[in-house]
Amino acid sequence: MTERPTPDLTITETRVYRGANVWSYDRAIHLVVDLGSLEDYPTNTLPGFTDNLVAMLPGLREHSCSRGKRGGFVERLNEGTWLGHVAEHCALALQQVVGHDVRRGKTRGVKGSTGVYNVVFGYIDEQVGLAASRLAVRLVNHLVEADPGFDWDTELEDFIRRAQRTAFGPSTQAILDEAVSRDIPWIRLNQYSLVQLGQGVHAKRIRATMTSETSAIAVDIASDKDLTTRLLAAAGLPVPKQDTVRTEDQAVRAAERIGYPVVVKPLDGNHGRGVCLDLQDEADVREAFPIAQEQSRRGSVIVESLIVGKDYRCLIIDGRVAAIAERVPASVTGDGISTIEQLVDTANADPRRGVGHEKVLTRIKVDGAAVQLVREQGFEMTDVAPDGQVVKLALTGNMSTGGISIDRTFEAHPENVEIAEEAAQMVGLDIAGIDFICPDITEPVRETGGAICEINAAPGFRMHTHPTIGEPQFIAKPVVDMLFPPGATSRIPIVAVTGTNGKTTTSRMISHVFKGMGRKVGMTSTDGVVIDERLLIRSDASGPRSARMVLQNPRVDFAVFEVARGGILREGLGYERNDVAVVLNVQPDHLGLRGIDTVEQLADVKAVLVEAVPRDGHAVLNADDPLVRDMRRRCSGQVVWFSMDEPGSETRDMIDAHCRRGGKALVLNPSERGEMIVVKHGPREMQLAWTHLLPATFGGKARMNVQNSLAAAAAAFAAGAPLHDIRQGLRTFSTSYYLSPGRLNEVEVNGIKVIVDYCHNAPGMRMLGDFVDRVGDSLESSHDLARPSRIGVIATAGDRRDQDMRELGEIAAAHFDVVVVREDVALRGRARGEVSGLVTEGVRTAMAAGSRCKQVEEVLDEIEAVQHAMARANRGDLLVICVDEHASVMSELENWSSQAQAGSGASPDAPGADPDYAPAPTEP
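What you see is a predicted model, and the numbers here were worked out from it, not measured in a lab.

Caption draft 1: Highlighting the overall build of the chain. Scanning the chain for helices and strands turns up 30 helices and 38 strands. Oriented by its inertia axes, the alpha-carbon framework of the chain measures out at about 115 × 80 × 55 Å. Burial statistics for the chain: of 924 residues in total, 54% are counted as buried. For the chain, the share of sequence-separated contacts (at least 6 apart) that also reach a separation of at least 24 residues comes to 66%. For the chain, the computed accessible surface area is about 38900 Å², with 48% contributed by carbon and sulfur atoms. Computed over 100 positive and 127 negative side-chain charges, the inter-centroid distance for the chain is 4 Å.

Here it is, written out as structure tokens:
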């Protein structure tokens, strides 16, 4: 232990999970923090630390921590806990200060690293959560050793302001809260208030209180107050007399024609800005005109007759009155002691008041117009108003100018309700704010006098959801009812596929089945993003961002996601849950990266998909893989097994017991004719297809695709596809370059059988080697003379462990006569020649032990390696190319084929001769 603690707490790594992840079922921020010397100083060894911390963040008293009771965390502080744990709770408490109700968090030590901790906590707004984490660490360090440049009050105020800038407004938040309560997913589309509710084809968008159902024409009409008034007048609705002008002189003439007193306001303003009321003469009009014109985007101003009465806002949603509020202009009431200025300060000190729309009330703004209004009432701001005297500070009742609201929803006269609803229909708005001026909303406006003075598109909800006086109205409900009527769905089915090998092929099989059913499938894979068989993005798209891209596409009604280990570790799933999770296998690959050192840890990562299955969902699991089989305990929904084991095995006995309890499974039943894929559901058994008749299995020789077909059929069955559609999908899916580029693509080049595959790891090479043996044996049996050679072009990624690279070479040597070792373009941190050297070392080790391989060569460039292998091969040989850039390799093979055909005069029978040949995977 050092003699004196120093503020060494630092954040060494930050990750933001935007969906289910290895730490949490929900969104979370993950910090890796290093305590440095503070590892030796738990909180009970730091004098005054706990008292000072709780004084700065009183909300920590409410944290239960592991004790499960209020004050549990403070108990932990007094007993002694490490400062990484403290930073977690501070980050949560800071978010709670700004109204984000997040309570999830955990802190765990990093195995093998003293003083290094994983700190994980939930968040609502990503930027707020990140800012909270940074401020939490600075606060802890400050309490360890005071930092003269750290002022807590200033830092906290800056944090609150930053949170307010990114927070949703009250209207948007009310709609989102209602959507969440109905299990409707949402995605924030920008840093402001543009939000998508629902997924894919079911998606709707909102921006504040404008929706995807809001008519653009209606918004234009409502923005033109003159046009609005003329339309309402034509419908016989009560409106004030008015005229539109562009100059002061025109405004004066219009006022004289209408008759004083008048109102001058901008043609297309909002929030009451630029509105001047109760103008009694020409001088008032001339003074008000530039104020109104400044707020008008078109430069036009409206002069209208003054309607005397109270200010009411009628909120119309989907043609019906949802709420009515009386708006009272900003004012203060004298107490005979305080000045008006002091009364305003007292009113603004109300915790319900804030800047703009951040809180339920807005602070009263004292500007030149407010000072002038106070003078007109016979006071100055420094005067003391008599006790009980109401002093107005604004003429309009807008909440944005500091006004208050009184709920009058159930007091309005039916005739007034009818007028408001008809006004919204005339303009055509789905959500409209109708501003009524009348003496009393409880009496018919046509009898008492009054008029509709304005119609607002995108009206604010704050005055209705948080009235100053009266009961709040739950007006978000009719908005969500309008967008998603009762019984309407908001989600599209999501099938997520993971595993060490076979993910892309299985994803393509599932997509092919549902495309055949007429669904608009959105798919992500390592090849790119495909929407309805159109390749939108060509890249590795197996991460969460690509998944969100599919969910935002309005054409997609079914989603299939290939989910890779890296995306889960980097950002989580990127969505809330998947209806069907498919786990193909868990094998040693990508170990030693991002803290995943064992295959068991890798299984925990891939199990995130299973944990994201809802109660009415399914997990499709490989019963032959022990690590995958153990994932059944993490599934909230039903498990659908698939297995290649023969009847009578321990695995099949387990599956039979599962089905006797009503479960589902897909298995292989061998017979003299071949292997039949059988669907088991409870006591029923249904034959699906012979494996040797499925094109992707190469007559049953490609055992990896037999397994992938089982998984794809199980996923489709779990997702509700009829058996005949599944059967048809599997029978028409092939591993051609067009349907499955880079996955067992077979081409014939100059009499040489060439297989192009993306195999890049030892487990994959083991399965590919089995296929090579089966195909090679078949070729040998058909040749009476020389035995065909088996040539392999192999490589692996540079971020694999050295032993994994050697193992790849050893396995390849067991199946090929000649091995050509190449390297990828991206070396991933390795020196040129280092990867190929390690793979070659593995091949030579196997050769020394008597493997099949008799020769190994290194040709680092991929195209040169293909050319070298083709030059070595003879007619009848089998050449397997493990590719990196499959389009370039296919183009090179086409060149070889074209050269041979040019010499013989034959016409090409392979696709494309363009050197940049890269066909879309969806061509027929």
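Having seen the structure, we can now continue with the description.
Caption draft 2: Here's a closer look at a nonpolar patch on the surface. A cluster of nonpolar side chains, Leu-536, Ile-537 and Met-549, forms an exposed patch at the surface whose accessible area comes to about 230 Å². As for its position among the elements, Ile-537 is in strand β25 (residues 534–537). Owing to a relative accessible area of 30%, Ile-537 belongs among the partly exposed residues under this scheme.

Caption draft 3: Structural detail: the pairing of strand β29 (residues 638–643). With five of six residues buried, β29 lies mostly within the body of the structure. Of the strand pairs in this sheet, strand β28 (residues 618–622) and β29 are connected by five bridges, and their pairing is parallel. What sits directly across from Leu-621, in β29, is Trp-641. Pairing of β29 with strand β30 (residues 664–671), which is carried by four bridges, proceeds in the parallel orientation. For Trp-641, the partnering residue across the bridge sits in β30 and is Ala-665. Handedness of the β29-helix α23 (residues 650–660)-β30 crossover: right-handed.

Caption draft 4: Highlighting the sheet that holds strand β19 (residues 404–407). As summarised here, the arrangement of the five strands in space is β19-β14-β13-β20-β21, forming an open sheet in which the pairing is antiparallel. Each edge of the sheet is formed by a strand with only one pairing partner; in this case those strands are β19 and β21 (451–457). When the angles between neighbouring strand axes are averaged without regard to direction, this sheet yields 30°.

Caption draft 5: Seen up close, the environment of Pro-439. Positionally, Pro-439 belongs in the loop between β20 (431–438) and α14 (445–448). In the structure, Pro-439 is positioned 207 residues away from Glu-646 in sequence and 85 Å away in space, judged by C-alpha atoms. For Pro-439, the residues in contact, after removing those within four places along its chain, are Val-308, Gly-309, Lys-310, Tyr-312, Thr-448 and Gly-449.

Caption draft 6: Highlighting unusual backbone geometry. For the bond from Tyr-260 to Pro-261, the omega torsion is -5°, close enough to zero to count as cis. Relative to the assigned elements, Pro-261 resides in the loop between α9 (248–258) and β10 (262–266). We note that Ala-208 has phi near 60°; this positive angle belongs to a residue other than glycine. A residue is classified by how much of its surface remains accessible, and Ala-208, at 28% relative accessible area, is partly exposed. At His-590, a residue that is not glycine, the phi angle is positive and equals roughly 60°. Summarising the element assignment, His-590 is placed in the loop between β27 (580–583) and α20 (599–606).

Caption draft 7: Main features of the nonpolar core. Formed by 49 residues in total, the largest nonpolar core has its most connected members in Phe-561, Val-563, Leu-573, Tyr-575, Val-586, Leu-621 and Met-631. Counting residues per element, this core draws most heavily on α20, which supplies four residues. When residues no more than four places from it in sequence are discounted, the contact partners of Phe-561 are Ile-494, Val-495, Ala-496, Val-497, Ser-507, Thr-524, Ala-547, Val-550, Leu-551 and Tyr-575. Within the second largest apolar cluster, 46 residues are counted, among which are Cys-90, Leu-135, Leu-139 and Val-144.

Caption draft 8: Region of the structure containing the side chain of Thr-339. Looking at where Thr-339 falls in the secondary structure, it is placed in the loop between β15 (331–333) and α11 (340–348). Filtering out sequence-adjacent residues up to four positions away, Thr-339 remains in contact with Met-381, Thr-382, Asp-383 and Val-384.

Caption draft 9: Spatial organisation of the packing of aromatic side chains. Per the counting criterion, the structure on display carries six aromatic pairs. In this structure, Arg-188 packs its charged tip against the face of Phe-168, placed 4.0 Å from the ring centre. Note that Lys-664 overlies the ring of Phe-717, its terminal NZ or CZ placed 5.6 Å from the centroid.

Caption draft 10: Seen up close, the sheet that holds β29. Across the sheet, which stays open at both edges, the eleven strands sit in the order β25-β24-β23-β26-β22-β27-β28-β29-β30-β31-β32 with mixed pairing between neighbours. On the outer flanks of this sheet lie β25 and β32 (684–690), each paired with one strand and no other. Ignoring strand direction, the axes of neighbouring strands in this sheet form an average angle of 20°. The sheet contacts of helix α18 (residues 544–552) involve β22 (494–498), β23 (521–525), β24 (528–531), β25 and β26 (558–562), and relative to β23 the element is tilted by about 170°.

Caption draft 11: Highlighting helix α7 (residues 216–223). For α7, the complete set of buried residues consists of Ala-218, Val-219, Ile-221 and Ala-222. Seen along its axis, α7 keeps its buried residues to an arc of 160°; they face one direction. Turned more than 90 degrees off the buried face of α7, the exposed positions are Ala-216 and Ile-217. In the core, the buried residues of α7 are packed alongside β8 (210–211), α8 (225–234), α13 (414–427) and β21.

About the thresholds
- Counting from 1, residues in each chain are numbered in the order their sequence is written.
- In keeping with the model being predicted, local features are shown solely for residues with a pLDDT of at least 70 and side-chain atom pairs are shown and tallied solely at 80 or more, while totals for entire chains, interfaces and linings include all residues.
- Note: side-chain values were computed over all heavy atoms of the structure, leaving out hydrogens and water.
- Every helix listed is a DSSP run of H or I at least four residues long, and every strand listed is a run of E at least two residues long, numbered separately from the N terminus.
- Working definition: with a 1.4 Å probe on protein chains only, accessible area under 20% of the residue-type maximum means buried, over 50% means exposed, and in between means partly exposed.
- Contacts were defined at the residue level, with two residues in contact if any of their heavy atoms lie within 4.5 Å.
- Accessible surface is estimated by sampling points in the Shrake-Rupley manner with a 1.4 Å probe; for residues, cover comes only from the protein chains shown.
- By the counting scheme adopted, Arg and Lys are positive, Glu and Asp are negative, and His together with the chain ends is not counted.
- Here the site of a charge means NZ on Lys, CZ on Arg, CG on Asp, or CD on Glu.
- Here a patch means residues that are over 30% exposed by relative accessible area and free of salt bridges, tied together within 9 Å if like-charged and within 5 Å if nonpolar (Val, Leu, Ile, Met, Phe, Trp, Tyr).
- For salt bridges, the criterion is a side-chain nitrogen of Lys or Arg within 4 Å of an Asp or Glu carboxyl oxygen.
- Whether two strands pair comes down to DSSP finding at least two bridges between them.
- Handedness is read with the strands pointing away from the viewer; a crossover is right-handed when the path from the first strand over the helix to the second is clockwise.
- Here an angle of 0 to 180 degrees is reported between the N-to-C directions of two axes, which are lines fitted to C-alpha atoms, with helices fitted over the stretch in contact.
- Only buried Ala, Val, Leu, Ile, Met, Phe, Trp, Tyr and Cys residues count toward a nonpolar core, and they belong to the same one when joined by side-chain atoms within 4.5 Å.
- For Phe, Tyr and Trp, rings pair up if their centres lie within 6.5 Å, where Trp contributes its six-membered ring, and each pair is then called stacked (planes under 30 degrees apart), edge-to-face (over 60) or tilted (otherwise).
- For a Lys NZ or an Arg CZ to count as sitting over a ring, it must be within 6 Å of the ring centre and within 35 degrees of the ring normal.
- Think of the arc as the fan of directions from the helix axis to the C-beta atoms.

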